[in-house]
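Coordinate analysis (summary)
For reference, the chains in residue letters:
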Amino acid sequence: MANVTLRVNGRSQTIDADDPNMPLLYALRDNLELHGPKFGCGLGQCGACTVIVDGNAVRSCQTSVTQAQGKEITTLEGLGSPERMHKVQAAFVAEQAAQCGYCTNGMIMSATALLAKTPKPNEAQVRQALAGNLCRCGTHVRILRAVMRAANA
Amino acid sequence: MNQMILERRQFLKGSGALFIAFTIADVIPAEAQTAPQKSLAADAVDSYLVVERDGRVTLYAGKVDIGTGARVAYRQIVAEELDTPIERIAMIDGDTALCPDQGGTGGSTGIVNGGMQIRQASASARQALVAIAAKTLNVPPADLSVADGTVRTRDGRTVAYGELVGGGHFDVKLDPKAPLKDPGQYKYVGQPVQRPDLPAKMTGRHTYVHDFRLPNMLHARVVRPAAIGATLAEVDERSIANIPGARVVRINNFLAVVAEREWNAVRAAKALRVRWTGGGGLPGSEGVHAAVRAAEVARNEDLIKKGDSAGTLRGAARKFAATYEWPAQSHASMGPSCALADYKPDSLTVWSSSQGTHGLRRIIGRELNIPVEQIRVIYMDGSGSYGTNGSDDVAADAVLISRAVGRPVRVQWMREDEHGFDPKGPPQLLDVRAALDASGNIAAWETEAWLPENTPNFRSRPMLAFLAAGIPQPVGQSVAQVQGNAYPSYDLPNITATVHWLKSTPLRPSNLRAPGKPGNVFAVESFIDELAAAANRDALEFRLAHLKDDFGLGLLKRVADRMNWKSRPSPNRDNRNGAVLLGRSITYVWYKHMDNRMALGLEVSVERATGKVRVTRVVAAVESGLMINPDAVKNQVEGNIVQAVSRTLLEEVTFDQSGVTSVDWRSYPILTFPDVPVVEVELIGTPRDKPLGAGEAASAPVPAAIANAVFDATGARIRRVPLTPARVRGALVSTRQT
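Residues numbered from 1 in each chain as written. Chains lettered and ligands numbered in written order. Predicted model: local features only at pLDDT ≥ 70, side-chain atom pairs only at ≥ 80, totals over all residues. Heavy atoms only, no water.

**Observations regarding the overall build of chain A**
Across its full length, chain A holds seven helices and five strands. When the helices and strands of chain A are placed in sequence order, the string is β-β-α-β-β-α-β-α-α-α-α-α. Here the C-alpha atoms of chain A give a radius of gyration of 15 Å, agreeing with the 15 Å that 2.2 N^0.38 yields for 153 residues. If one aligns the C-alpha atoms of chain A with their principal axes, the spans along those axes are about 45 × 30 × 25 Å. When burial is assessed residue by residue, chain A has 64% of its 153 residues classed as buried. Residue pairs in contact within chain A that sit at least 24 positions apart in sequence constitute 57% of those at least 6 positions apart. (Helix = DSSP H or I, 4+ residues; strand = E, 2+ residues; numbered from the N terminus. Rg over C-alpha atoms; globule rule 2.2 N^0.38 Å. Buried < 20%, exposed > 50% of the residue type's maximum accessible area, 1.4 Å probe, protein only. Contact = heavy atoms within 4.5 Å.)

Written out as structure tokens, the structure is:
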């Protein structure tokens, strides 16, 4: 058993990790009881587990807790709250850009990381930035609109 | 975990005129629900609606929101017919201890059936409230008016709903004659009200079943056999001895591991050394359609028999025939299925995203010999499921494991479990034949379809956990109405459509979205295009010539206008030499020959060198009946179109003799953002009509529309889905050679 200290949403928190190779996703969901990042595949193929680590959109199922130590981790909860939404979250609500909402975490986190680096992307850039984020409900057209809305907000 | 009170959330109001924003109480967190004594009878108003003293209303619905956002529509219905502000209406869905059994949620019937029951319950409640008010105020009911949850006399006296019935019972049955609002007076129904659940879902505050935790709970993972139906020969428990808290649960061939921490359960399931024997015996996906054609037929059924198709075909000069093949497909939910169970000697509680919680409760009770009164299944949101994904199976997993370990258990499937073991949309095979008369019109049509049967009197799909554990359960298969739309939606003089109902199909089948219809329409509308091309006629003109229904003709013309359709036969002769070939198509379907009519225009580009097909634009005109929430309907139509594009271009479950081999997103890819088309949807509403299913119909015409547009672009006719680059490239090469 090893203690790992993670800095998540601006707070440092220490967890017990039985395995230094435990993916960050399990630390966030199981130890810290966060609901934003979702388990989708555990293979880095779908993007549902995306978090922002030091400004980059990262697959938390492919990042170990050891690698995540000492870095600034932001989850969907850290972006905003229902009362004070981040502009990307607000744009997703405004466009009603979800069906089941299971993939939404990855969409919002990837879009947020994109807009931080490229504040005024064109639609092709948004499509490319979200190419690794899968959605099964087929809500893509609304998600694209939402990201463009956030970019112009 | 601690949201013990009803939350009221302020909605975003800055979205312009597109949406109507109300402050609606979000769904009550399942963990806060207690189980008061309450009516569950499907014909009692009290089963659906409870009015509190302060005027708050709670709707209890047996139909659930399976990720479609339907909850907002149910509340709009109640607000409308009960004449209550929508902000005061909370909702609980799919809790078997609280909600009446309205049947499973599927086939786009949530609003069509369940919603209309709720509408009648609301109108009946309103009628009862007016009757109570008449007595209380001592005036005739006809002298009372209702608005915003308050009954008013002509002389201005008022009494609120909460004062009339607050906390008490209505004690009345659903009255089929209770007066409904005139659609001209609708205030909530027909408005694009925003979904109340999105602010929490967009900010990570919502508790999906995957996020739910119970005190003293164990995490579990199921260890799947090396081959379907294999026997568990040996388990080496020492192989996980180094993983803290991990231990094995074994019931015959059902094998699982549990641990206090989730990651330890995950890695224990991977590390566990197991020896399996036997199992398998599948035909393999390579030759699946030969296996389908050779499968044992339980019975034959004529879906339609009009005129003399056989005689007309025999005597016809111009005859055509083709075979179309549809692959097995997966629900491929984004979130692997998850459930929790708490098995106690005298009670069992299950938290599940099943599309039919009451049905799941009956199955568990029957197979495990537990009186159903002792079982409570609580619905919680899952990942979108589109039919029957692993949600029911994982609940059975959780129940067996909780019973074995005597503690609450949470099971989440891994990606390879969901792709490998969800019940599949079955492979379909269709032979079609037709004759053209001298003027190039269809003189005769025949469809012969090979489809898996719904086992007669079959009550439920077998649960994987019960199969493996050796718990007896009914044997058979359930696929829903897979025969739908197996013949054209046009008026043809001589037509026969026959189904060979098959006793079995290679993988456990289910009712994957729009069951059977995308595959059937793929054959039917592709072949219509083949006939149009054979007659050297324009695809639109050919369809218009065979359709008598004015509404359908109107839909086709609207879509053609939007596409700036120029009349010419396919393929596009101007288009044969570029590196990228452009094509178009127009299709028509009357969903199930009784629900929505719809026309679909579609444009593709095809890369000659690679065979890669991109759907660039989709234009849809959909008959939508009474729309409770037009934006929610539109979202479903868009989603079905995009999902059907994915199913057509990319999706096939592959399997070998042992089991499914497409077990992740690389081996079973779905459409990604760079390839998503522009989607233009026009909904044609008829507010004085009944609601029609919102989404499924839009899936049906897409596969044929793509194949037809590829033919228009390239001259290559592809009769097998998916239209992968390799398949399209192969067809391009052989088309050039002929």
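**Describing the sheet that holds strand 2 (residues 57-61) of chain B**
Residue and element names in this part refer to chain B. Within the open sheet, the three strands sit side by side as 1-2-3. Their pairing is mixed. Taken across any chain shown, the strands that pair with only one partner, and hence form the sheet edges, are strand 1 (49-51) and strand 3 (89-93). Direction aside, neighbouring strands of the sheet carry axes that sit 20° apart on average. Inspection of the sheet shows strand 2 paired to strand 3 by five bridges, in the parallel sense. Within strand 3, the residue paired with Leu 59 across the bridge is Met 91. Sheet strands touched by helix 2 (residues 71-82): strand 1, strand 2 and strand 3. Its angle to strand 3, the strand with the most contacts, is close to 130°. (Pairing = 2+ DSSP bridges. Axes fitted to C-alpha atoms, helices over the stretch in contact; angles between N-to-C directions.)

**Section: the pattern of salt bridges**
Residue and element names in this part refer to chain B. Inspection of every chain in the model, using the stated rule, returns 64 salt bridges over all chains. One salt bridge in this structure joins Arg 299 and Glu 301, with 3.8 Å as the shortest N-O distance. We note a salt bridge from Asp 393 to Arg 508, for which the minimum N-O separation is 2.7 Å. Residue Asp 393 is found in helix 10 (residues 391-405), and its partner Arg 508 is found in the loop between strand 20 (495-502) and helix 13 (517-534); the two are separated by 115 residues along the sequence. (Salt bridge = Lys/Arg side-chain N within 4 Å of Asp/Glu carboxyl O.)

**Notes on helix 17 (residues 702-714) of chain B**
Since there are 3.6 residues in each turn of an α-helix, residues three or four apart along the chain are aligned in direction. Over its 13 residues, helix 17 of chain B extends 18 Å from the first C-alpha to the last, a length consistent with the 18 Å expected when each residue adds 1.5 Å. Where helix 17 of chain B ends, the next residue or the one after it, Gly715(B), has phi of about 80°, a positive value. (Expected span 1.5 Å × (residues − 1).)

**Brief notes about the interface of chain B and chain A**
Taken together, the contact between chain B and chain A spans 70 residues of the former and 58 residues of the latter. Of the roughly 5,600 Å² buried between chain B and chain A, counting both surfaces, carbon and sulfur atoms make up 56%. When the buried surface of chain B facing chain A is broken down by residue, Met202(B), Trp263(B) and Phe673(B) rank first, second and third, together holding 17% of it. Our enumeration of links across chain B and chain A arrives at seven salt bridges. Elements that contribute at least two residues to the side of chain B that touches chain A include exactly helix 5 (198-202), helix 6 (262-271), strand 17 (409-412) and helix 16 (630-650) of chain B. A total of 10 residues in the side of chain B that touches chain A trace back to one element, the largest contributor, which is helix 16 of chain B. Here the side of chain B that touches chain A is built from residues that sort into 27 nonpolar, 24 polar and 19 charged. (Buried area = accessible area lost by both parts, 1.4 Å probe. Nonpolar A, V, L, I, M, F, W, Y, C, P; charged D, E, K, R; others polar.)

**Considerations on the sheet that holds strand 7 (residues 218-222) of chain B**
Residues and elements named next belong to chain B. Across the sheet, seven strands lie side by side as 9-10-7-17-14-15-16; this open sheet has mixed pairing. One side of each edge strand has no neighbouring strand; the edge strands of this open sheet are strand 9 (247-251) and strand 16 (375-379). Strand-to-strand twist across the sheet, computed as the mean angle between neighbouring axes with direction ignored, equals 25°. Note that strand 14 (residues 338-344) and strand 17 share four bridges and pair antiparallel. From the neighbouring strand, Leu 340 faces strand 17, where its bridge partner is Arg 410. Sheet contacts for helix 10: strand 7, strand 9, strand 10 (254-259), strand 14, strand 15 (347-352) and strand 17; angle to strand 14, the most-contacted strand, approximately 35°.

**Comments concerning the nonpolar core**
Core analysis: the largest hydrophobic core is formed by 91 residues, its most contacted members being Trp445(B), Leu600(B), Leu602(B), Val604(B), Ile641(B), Ile706(B) and Leu723(B). Broken down by element, this core gets its largest block of residues, eight residues, from helix 13 of chain B. Every residue in contact with Ile706(B), bar those within four places of it in the chain, is listed here: Leu602(B), Val613(B), Val615(B), Val645(B), Thr648(B), Leu649(B) and Leu723(B). Formed by 57 residues, the second largest nonpolar core is a distinct cluster that contains Ala91(A), Ala113(A), Ile143(A) and Leu282(B). (Core = buried A, V, L, I, M, F, W, Y, C linked by side-chain atoms within 4.5 Å.)

**So, the confidence of the model for chain B**
Residue and element names in this part refer to chain B. Averaged over all residues, the pLDDT of chain B is 92; the fraction at 70 or higher stands at 94%. Across residues 1-18 the pLDDT falls below 50, and counting only partners more than four positions away or on other chains, this stretch makes 47 contacts in the model. For the stretch residues 29-33, pLDDT sits under 50, and the model shows 17 contacts to residues farther than four places along the chain or on other chains. (pLDDT = per-residue confidence, 0-100.)

**Let's talk about helix 6 of chain B**
Counting buried residues along helix 6 of chain B, eight of its 10 residues qualify, which places the element largely inside the surrounding structure. Residues Glu262(B), Trp263(B), Asn264(B), Ala265(B), Val266(B), Arg267(B), Ala268(B) and Ala269(B) constitute the buried set of helix 6 of chain B. For helix 6 of chain B, the elements touching its buried residues are helix 1 (24-31) of chain A together with strand 7, strand 10 and strand 17 of chain B.

**Quick word on the state of the cysteines**
Following the criterion strictly, the structure yields zero disulfides over all chains and no others. Of the cysteine sulfurs around Cys100(A), a residue in no disulfide, the closest is that of Cys137(A), at 3.8 Å. (Disulfide = S-S within 2.5 Å.)

**Observations concerning the packing of aromatic side chains**
Counted under the stated rule, the structure contains eight aromatic pairs over all chains. On the basis of an interplanar angle of 55° and a centroid distance of 6.2 Å, the ring pair of Trp326(B) and Phe522(B) is categorised as tilted. Residue Trp326(B) is located in strand 13 (residues 318-326), and its partner Phe522(B) is located in helix 13; the two are separated by 196 residues in the primary sequence. For the pair shown, Trp326(B) and Phe522(B) are each scored as buried. Plain terms: the ring middles of Trp445(B) and Phe527(B) are 5.5 Å apart, the flat faces sit at 70° to each other, and that makes the pair edge-to-face. Of this pair, Trp445(B) sits in strand 19 (residues 442-452) while Phe527(B) sits in helix 13, placing them 82 residues apart in sequence. There is no split in this pair, since Trp445(B) and Phe527(B) are both buried. Three or more aromatic residues joined by ring pairs make a cluster, and in this case those are Tyr26(A), Phe39(A) and Trp263(B). (Phe/Tyr/Trp six-rings, centres within 6.5 Å; stacked < 30°, edge-to-face > 60°.)

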